[in-house]
Amino acid sequence: MEQIRDLVPSDLTKTELEVLEYFLRNISVGEIIAIKELRLIYKIDDPVPIIEKLIQRGLIERGEGCFNLSRKLLEAIKKRR
């Protein structure tokens, strides 16, 4: 069984991990809300490049006006239950 930690690259920065944790708590969230919350709650000045990097690494997916936790992470979470 694939564990979530096995799917998360070990070289993520502290800020990248914080953004990923945000999406683990908020599996699907609108783009505007995600950016605002990451700025206001998590005090990340410019979360967009971090989100883009996580998308490129296959950890987050872009939907229609939203960001979603990637399918592979979502499946790993379901398997843990």
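All values derive from a computational prediction rather than experimental measurement.

Reading the values: the criteria
- Residues numbered from 1 in each chain as written.
- Predicted model: local features only at pLDDT ≥ 70, side-chain atom pairs only at ≥ 80, totals over all residues.
- Heavy atoms only, no water.
- Core = buried A, V, L, I, M, F, W, Y, C linked by side-chain atoms within 4.5 Å.
- Buried < 20%, exposed > 50% of the residue type's maximum accessible area, 1.4 Å probe, protein only.
- Helix = DSSP H or I, 4+ residues; strand = E, 2+ residues; numbered from the N terminus.
- Contact = heavy atoms within 4.5 Å.
- Expected span 1.5 Å × (residues − 1).
- Arc of directions from axis to C-beta.
- Salt bridge = Lys/Arg side-chain N within 4 Å of Asp/Glu carboxyl O.

Draft legend 1. Main features of the nonpolar core. Residues Val-19, Leu-20, Phe-23, Leu-38, Ile-51, Leu-54 and Leu-73 are the most contacted members of the largest nonpolar core, which totals 22 residues. Elements with a minimum of two residues in this core: helix 2 (14–25), helix 3 (31–40), helix 4 (47–56), strand 3 (66–69) and helix 5 (71–80). If you tally residues by element for this core, the top one is helix 2, at 4 residues. If sequence neighbours within four positions are ignored, Leu-54 has contacts with Leu-12, Glu-16, Val-19, Leu-20, Leu-59 and Ile-60.

Draft legend 2. Fine view of the side chain of Glu-16. Counting through the fold element by element, Glu-16 comes out in helix 2. A relative accessible area of 5% means that Glu-16 is categorised as buried. Discounting residues that sit within four places of it in the chain, Glu-16 has contacts with Asp-11, Ile-50, Lys-53 and Leu-54.

Draft legend 3. Just helix 2, in detail. End to end, helix 2 covers 17 Å across 12 residues, agreeing with the expected 16 Å (1.5 Å per residue, within 8%). Regarding helix 2, the residues found buried are Glu-16, Val-19, Leu-20, Tyr-22 and Phe-23. For helix 2, the angular spread of the buried residues around the axis is 150°, confining them to a single face. Within helix 2, the exposed residues directed more than 90 degrees away from the buried face are Lys-14 and Arg-25. Residues of helix 2 that are buried sit in contact with strand 1 (28–30), helix 3, helix 4, strand 2 (60–62), strand 3 and helix 5.

Draft legend 4. Examining the pattern of salt bridges more closely. Counted by the stated rule, this structure contains 7 salt bridges. The shortest N-O distance in the salt bridge between Asp-11 and Arg-57 comes to 2.7 Å. Here Arg-57 lies in the loop between helix 4 and strand 2 and Asp-11 lies in the loop between helix 1 (4–7) and helix 2, a separation of 46 residues in the sequence. For Asp-11, a relative accessible area of 52% puts it in the exposed group. Since its relative accessible area comes to 28%, Arg-57 is described here as partly exposed. The residue Arg-62 makes a salt bridge to Glu-31 at a minimum N-O spacing of 3.8 Å. On the criterion of sequence distance, the pair formed by Arg-62 in strand 2 and Glu-31 in helix 3 is long-range, its members being 31 residues apart. Among the charged side chains, a network of salt bridges with common partners joins Glu-31, Glu-52 and Arg-62.

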